[in-house]
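Results of the structural survey
Listed below, chain by chain, are the residues.
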Amino acid sequence: MSRLLLVSNRLPVTVKGEKDSVSVVRSAGGLATGLSRPHERSGGLWLGWPGDVSRLSDTQRAKVESQLADLRCVPLYLSASELSRYYEGYANRVLWPLCHYMLDRIPRQDRDWEVYRKVNERFADLVVRHYQPGDTIWVHDYQLMLVPGLLRQRLPEARIGYFHHIPFPSSEIFSTLPRRHELLKGLLGADLIGFHTVSYVRHFSGSLLRQLGLDTDIDRIIWEGRDVRVAAFPMGIDATAFESLAKEPGVLEEVATLRRKAEGQRILLGIDRLDYTKGIPRRLLAVQRVLEREPSWRGRLRFIQVAVPSRTQVEAYAAYREQVDELVGRINGLYGGVHNVPVHYLYRSFNEKQLVGLYRAADVMLVTPVRDGMNLVAKEFCAARPDDDGVLVLSEFAGAAAELTSALIVNAYDVECMADAIEQALEMSEDERRTRMRALRTQVKAKDVHWWTSSFLDRLQGLPAVSERKTGNAPEALERMKAAPRLHLLLDYDGTLVGFAPRPELALPDDALRALLAKLLARPGTSLSIVSGRPRETLEEWFGELPISLHAEHGLWSRLRPGQPWRMLEGVSFEWKVRARPVLDSFTQRVPGSFVEEKTASLAWHYRLVEAEFGALQARELRLLLSEAFEGQGMDILPGDRVVELRPRGVHKGRAVGEATQGLAPGTLVVAIGDDRTDEDLFAAMPPGGLTLHAGNKPTRAGFRVNGPGEVRKLLSALVEP
């Protein structure tokens, strides 16, 4: 395998400094465990923040760097200000609540954005310094969403992956973010973008469509001329390690102790970081509701809630802790006695052996976040039950619910529903418990963290090698055009000379465009043609007085000089229009904002004014219906930019090239510029030696690429500058 460069906010280590010594200890987290094998096997590097080393002496820091180098870890040191504003600020006060649907917790202003951007640039610069040709780069999580795009700018040929470890919100939620475009473009720098679940993939695709107008073709997005793949890779745990730990004598002794202390009681268990996404208050209320409505459980339930301290410097977390503390006190005050309380609340960290002991001792595991990317605790519980016993109550809003379907799935916002599930779990027969747990354990063991790692890397490294674009850039094209003694320009209109408008009639040529065309025509040895999908009446009205040739409706109609009559291609049949028009009209009636444009021999269903995701779905359905209903009837169905166009078969822009270029002097350089699929026909029909430019980011046969109408105008303006 190629050398792997892993990039994450935090290195998989803990730096421990004492008076006279310092040590670097490997972390035992899921990501560190999963990536350790490919990190070692590939001889790669792991790049990230090593933790706070500000209090270390120069000697201690040198020792830390030496030990990090031995572990092939490359540190990026962050100042206290950077940590406060990039990590605690933008990442955890803005992106974290947004991705977990907690809009009310987001500050009114994203004042920390600039620091977030600059730290992402520092990460990208560090990767570039250590990159070697052929390396695979894998960037992790929401703290570094800009890094793939920054790397693509610096390393255009690199193979780059990105994995999003938290939920990706629906497009409606994501659209509330002021920096939404920058973040999406940042992620699109990757070749492969991974999420835990198919629903997150769908949400991401919806945001691309709504914000950037990019459609996802199954798992493929076209961005800046590249294929970007997106897919679900549900993360797992080191199931074998948890199972082995659960069988150790020391753990079994702890399990026996826990059960002895809870003699006569059933153990409910919750283990979470103290985070407002984990649903702890509602979980406590569900336990309280069980005790309220079923007095027989009072004194017979012991709910152990482990709350691991998290982001204690963030104000929202301190307030959340107070809320949990108050609830625990209230429930214990209502239903506790002198010798026992129902809720045993433990606000501290536990080591892995202690956690596994709790997992194996529990009768019921409550994993009820209100939103969670995956939630590995649910999987750890299953792996730690080689006795095939215990019941998992799991929120439908955890990513794990898509896989662990044999759990009792609950709505974490519905306290009554959770109380019902707790009672069902407590009363479940042994046979049902074991049947459910065996199914859960089979799933967890089959798709463990090593499966997750290899699945992602195999997919990323199996993608076609990233090479230099076949298309050149604008300066190269300009140099060739300026060097030519004579020049003829074949120009598309919509999406090439002007941007798209909500309705076709609004995309009028502006004064700047008219002035530019006049300068081009005044340039010695230069002539031009406009080859457009527009009706001939429109082109005549806009450009009829200019000494240029006009080609309308994708080459169906041509007029070579002002005053000449328009001529239509011979042998064109459009009898199908009468039958196809009612189909388009029916879609117009059911899709508010859409409309039909009729031309001589073609029809176009526009949905630019329709909500993006709904419009795209309806367009797909329309294309499928038309292809089935009119197969073999002399009609082509062309998907365009928020339009589905129907035109006679055999009519395309390539048919206009011969007429537009006839009579040109030998040695004339013919240049074609266009932006969509219809212009690919134009490029294909170019005479030998011609120059082709694609205005956009779609796949193209064009030899050169510019980025939209703005750059097209800049290119043409540079052509006429002295």
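These notes cover the structure that comes with them. (Residues numbered from 1 in each chain as written. Predicted model: local features only at pLDDT ≥ 70, side-chain atom pairs only at ≥ 80, totals over all residues. Heavy atoms only, no water.)

1. Some words on helix α15 (residues 415-427)
Given a rise of 1.5 Å per residue, 13 residues ought to cover 18 Å, and the 18 Å separating the end C-alpha atoms of α15 matches this to within 8%. Those residues of α15 that are buried are in contact with β11 (266-273), α11 (280-293), β12 (301-308), β14 (364-367), β15 (391-395) and β16 (408-410). A distance of 3.2 Å separates the backbone nitrogen of Glu 416 from a side-chain oxygen at the start of α15, and that oxygen is part of Asp 414. (Helix = DSSP H or I, 4+ residues; strand = E, 2+ residues; numbered from the N terminus. Expected span 1.5 Å × (residues − 1). Contact = heavy atoms within 4.5 Å. Polar contact = N/O pair within 3.5 Å; in protein donor to acceptor, adjacent residues only side chain to side chain.)

2. Here we look at empty space enclosed by the protein
Per the counting criterion, the structure on display carries three cavities of 30 Å³ or more. Of the volumes computed, that of the largest cavity is approximately 450 Å³. Of all the elements in the fold, those that place two or more residues in the lining of the largest cavity are β22 (595-598), β23 (603-606), β24 (635-640), β25 (643-648) and α24 (677-684). Ranked by residue count, the leading element in the lining of the largest cavity is β24, at three residues. Of the residues that constitute the lining of the largest cavity, the class distribution is ten nonpolar, six polar and 13 charged. A volume near 40 Å³ is recorded for the second largest cavity. Around the second largest cavity sit Gly 390, Val 391, Leu 392, Ser 406, Ala 407, Met 428, Arg 433, Arg 436, Met 437 and Leu 440, which together line it. For the lining of the second largest cavity, the secondary-structure elements that each account for two or more residues are β15 and α16 (430-446). No other element matches α16, which puts four residues into the lining of the second largest cavity. (1 Å grid on protein atoms, 1.4 Å probe; cavity = no way out; pocket = protein on both sides within 12 Å on 5 of 7 lines; lining within 4 Å. Points joined across faces, edges and corners; volume = space filled by probe spheres on them. Nonpolar A, V, L, I, M, F, W, Y, C, P; charged D, E, K, R; others polar.)

3. With respect to the packing of aromatic side chains
Going through the model one piece at a time under the given rule, you end up with 23 aromatic pairs. Here the guanidinium or amino end of Arg 371 rests over the ring plane of Tyr 101, the centre of that ring lying 4.0 Å away. (Phe/Tyr/Trp six-rings, centres within 6.5 Å; stacked < 30°, edge-to-face > 60°. Lys NZ or Arg CZ within 6 Å of the ring centre and 35° of its normal.)

4. Quick word on the sheet that holds β23
Backbone hydrogen bonds are what pair the strands of a sheet, in a parallel or an antiparallel way. Strand order in the open sheet made by the four strands is β22-β23-β25-β24, with antiparallel pairing throughout. Each edge of the sheet is formed by a strand with only one pairing partner; in this case those strands are β22 and β24. Neighbour-to-neighbour, the strand axes of the sheet open up by a mean angle of 20 degrees, direction not taken into account. Across four bridges, β22 lies against β23 in antiparallel orientation. Residue pairing across strands places Val 596 opposite Trp 605, the latter belonging to β23. (Pairing = 2+ DSSP bridges. Axes fitted to C-alpha atoms, helices over the stretch in contact; angles between N-to-C directions.)

5. A closer look at the side chain of Thr 678
Within the secondary structure layout, Thr 678 lies in helix α24. Only 3.5 Å separates the side chain of Thr 678 from the side chain of Lys 653, close enough to count as a polar contact.

6. So, the sheet that holds strand β27 (residues 691-695)
Strand order in the open sheet formed by eight strands is β21-β20-β19-β18-β17-β26-β27-β28, with mixed pairing between adjacent strands. Each having just a single partner strand, β21 (567-568) and β28 (704-706) make up the two edges of the open sheet. Pairing of strand β20 (residues 557-559) with β21 involves two bridges; the strand directions are antiparallel. From the neighbouring strand, Trp 557 faces β21, where its bridge partner is Met 568. Strands β17 (486-491) and β18 (526-531) of the sheet are contacted by helix α19 (residues 511-522), whose axis makes an angle of about 135 degrees with β18. Across the sheet, α24 is in contact with β17, β18, β26 (668-674) and β27; its angle to β26 comes to roughly 165 degrees.

7. Focus on the nonpolar core
One finds Tyr 116, Ile 137, Leu 183, Leu 188, Ile 193 and Phe 204 to be the most contacted residues of the largest nonpolar core, which totals 101 residues. By residue number, the principal contributor to this core is helix α3 (residues 80-99), which donates nine residues. The contacts of Tyr 116, once residues within four sequence positions are left out, are Tyr 86, Tyr 90, Ala 91, Leu 95, Tyr 142, Gln 143, Leu 144, Met 145, Leu 146 and Leu 183. Membership of the second largest hydrophobic core comes to 45 residues, among which are Ile 548, Val 671, Ile 673 and Phe 704. (Core = buried A, V, L, I, M, F, W, Y, C linked by side-chain atoms within 4.5 Å. Buried < 20%, exposed > 50% of the residue type's maximum accessible area, 1.4 Å probe, protein only.)

8. Examining the environment of Trp 451
Tracing the sequence through the fold places Trp 451 in helix α17 (residues 449-462). Ignoring anything within four residues of it in the chain, the contact list for Trp 451 reads Pro 234 and Ala 446.

9. Brief notes about the environment of Ala 439
Looking at the element boundaries, Ala 439 is found in helix α16. Considering only alpha carbons, one finds Ala 439 and Thr 496, 57 residues apart in sequence, at a separation of 57 Å.

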